[in-house]
Amino acid sequence: MKVLVIGSGGREHALVWKLSHSPSVTEIYAAPGNPGIAELATCINSTDYFAIAREHNIDLTVVGPEAPLVAGIVDRFRADGLLIVGPTAECAQLEGSKLYSKRFMQKLGIPTAAFATASSHEEAVTVLDTFEYPLVLKTDGLAAGKGVVIAQDRKEADAALAQLPMPMVIEEFLQGEEVSFIVLSDGKTAVPFEPSQDHKRVFDGDQGPNTGGMGAYSDSNLLTPEQRTLIMNTIIDPVIHATGFTGFLYAGLMMTPQGPKVLEFNVRMGDPETQPILTRLNSDFALALKAAATASLHPSQLTWDPAPAACVVLASDGYPGDYPTGLPIQGIETVENATVFQAGTKLDSAGTLLTAGGRVLGVTASGATLAAALDTAYQAVKKINFQGMHYRKDIGYRGLRRYNMGEMGA
Ligand code: AMP
Ligand code: GLY
């Protein structure tokens, strides 16, 4: 198979890396890719993905980020008989529009936070009074993680209203632990990936502003078998059966005392969750993806290494705010026992690897225990440096606490 991967981040580097281990893959293309991806694939700097797929006789295309999905890439490829992994533009609205997604969940009875919608500031102000604080304000469209505000009181809600574009969703604040539950679906059958947990805030102890994700781990102990079954029965399968959803469906869940509830749906894999998840995948990823694109997926096509895996994101100074780029990155070649996935990187004309984004690298390792995986990842982090590099020192802390308390399940 000749495979094309669309995107340029750490998630896409992990996708390409895993595909490079598939016996069924002969050649990998990426658009646009990044310098880490270029070590494993032919990178093409064009957004005319359809032309790339045609010109290079691509057998299967895999889409990393949400934007091309929301724009209808899957519909376009399918209309011409090209195999692609992802949802239609209509299904991609589950991520593309929070209003659509909340109304969809309401209609299907999928557990989620109680909510109201507002199309103007006046309406939002009246709606506010029907909720208790803290409450959550979410702008409707794609906002790269910047469209959600948790307001502790009326003053914070007013400040958020002044800044967030309309229309919006106003919803109840849910308590609990977050889990990223991602499945691969062929339209009828959804097969779960092992569960993972992201760390969205920039600083240790979940302090500071939200980011795209500062690190993640995947550990089977995150969810009990009963919790997994409940999530499949009450959340995932209803979506698949109602829509024929194909591709990756990512349920961002809050494990509340009343059971799992959906914070958001994404229609793609998570970044950085993909890095530790795919580190644990034993089976031929390309065959599973092809099966997802041809309505022939079987649960036996995703098998897992029980060993947990963890990813620590190395970010640029200032991220998630403004940050410098073009700074030399040292030490990647000295890393042992861990995989360094590249995200915001570029090469200069002399071939020196430079920073080129907010999240620069994702250092990923597995281990017999979560503690061992984290230890190996952090040992590797110590070998890497660029000016202003920062990272969280507490990735996986909830998982470690769970081990210490002898618990299973979030
Ligand atoms: P979203 O983009 O909807 O996933 O929101 C981003 C982050 O805001 C989530 O990962 C949660 O940490 C937080 N969040 C969103 N909605 C809620 C909610 N209803 N209750 C508590 N936290 C929330
Ligand atoms: N890491 C969160 C996301 O991919 O949306």
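A short tour of the structure in this document, coming up. On a predicted model such as this, the values are computed, not experimentally measured, just so you know. (Residues numbered from 1 in each chain as written. Chains lettered and ligands numbered in written order. Predicted model: local features only at pLDDT ≥ 70, side-chain atom pairs only at ≥ 80, totals over all residues. Heavy atoms only, no water.)

Looking now at the site of ligand 2. The environment of ligand 2 is made up of D198, G212, Y250, N266, R268, G270, D271, P272 and E273. Separating an oxygen atom of ligand 2 from a side-chain N or O atom of N266 is a distance of 3.5 Å. In this structure, a nitrogen atom belonging to ligand 2 sits 2.8 Å away from a side-chain N or O atom of E273. Protein contact buries 90% of the 200 Å² of open area that ligand 2 shows by itself. (Near = heavy atom within 4 Å. Polar contact = N/O pair within 3.5 Å; in protein donor to acceptor, adjacent residues only side chain to side chain. Areas by Shrake-Rupley, 256 points an atom, 1.4 Å probe, with all protein chains shown as cover.)

Lining the immediate surroundings of ligand 1 are 14 residues, of which E171, E172, L174, E178 and E264 lie closest. In this structure, a nitrogen atom belonging to ligand 1 sits 2.8 Å away from a side-chain N or O atom of E171. Taken by itself ligand 1 offers 460 Å² of open surface, and the protein chains cover 91% of this. Of all the secondary structure elements, the ones that give two or more residues to the shell around ligand 1 are β7 (135-139), β9 (168-172) and β17 (259-266). Grouping the constituent residues of the shell around ligand 1 by class yields seven nonpolar, no polar and seven charged. (Helix = DSSP H or I, 4+ residues; strand = E, 2+ residues; numbered from the N terminus. Nonpolar A, V, L, I, M, F, W, Y, C, P; charged D, E, K, R; others polar.)

Before going further, it helps to examine the pattern of salt bridges. The final tally for this structure, using the stated rule, is 19 salt bridges. The closest approach of N and O atoms between E66 and R268, which form a salt bridge, is 2.9 Å. Of the two residues, E66 is situated in helix α4 (residues 66-70) and R268 in the loop between β17 and α11 (274-279); the sequence distance between them amounts to 202 residues. The closest approach of N and O atoms between K98 and E264, which form a salt bridge, is 3.7 Å. On the criterion of sequence distance, the pair formed by K98 in helix α7 (residues 98-108) and E264 in strand β17 is long-range, its members being 166 residues apart. Both residues of the pair, K98 and E264, belong to the buried class. Salt bridges linked by common partners bring D206, R392, D394 and R398 together as one network. (Salt bridge = Lys/Arg side-chain N within 4 Å of Asp/Glu carboxyl O. Buried < 20%, exposed > 50% of the residue type's maximum accessible area, 1.4 Å probe, protein only.)

Attention now goes to unusual backbone geometry. P32 follows A31 through a cis peptide bond whose omega is -5°. Positive phi is not limited to glycine here, since N57 has a value of about 50°. As for its placement among the helices and strands, N57 is situated in the loop between α3 (49-55) and β4 (60-63). Non-glycine residue N337 carries a positive phi angle of around 65°. Following the sequence through the fold, N337 ends up in the loop between β18 (309-315) and β19 (339-342).

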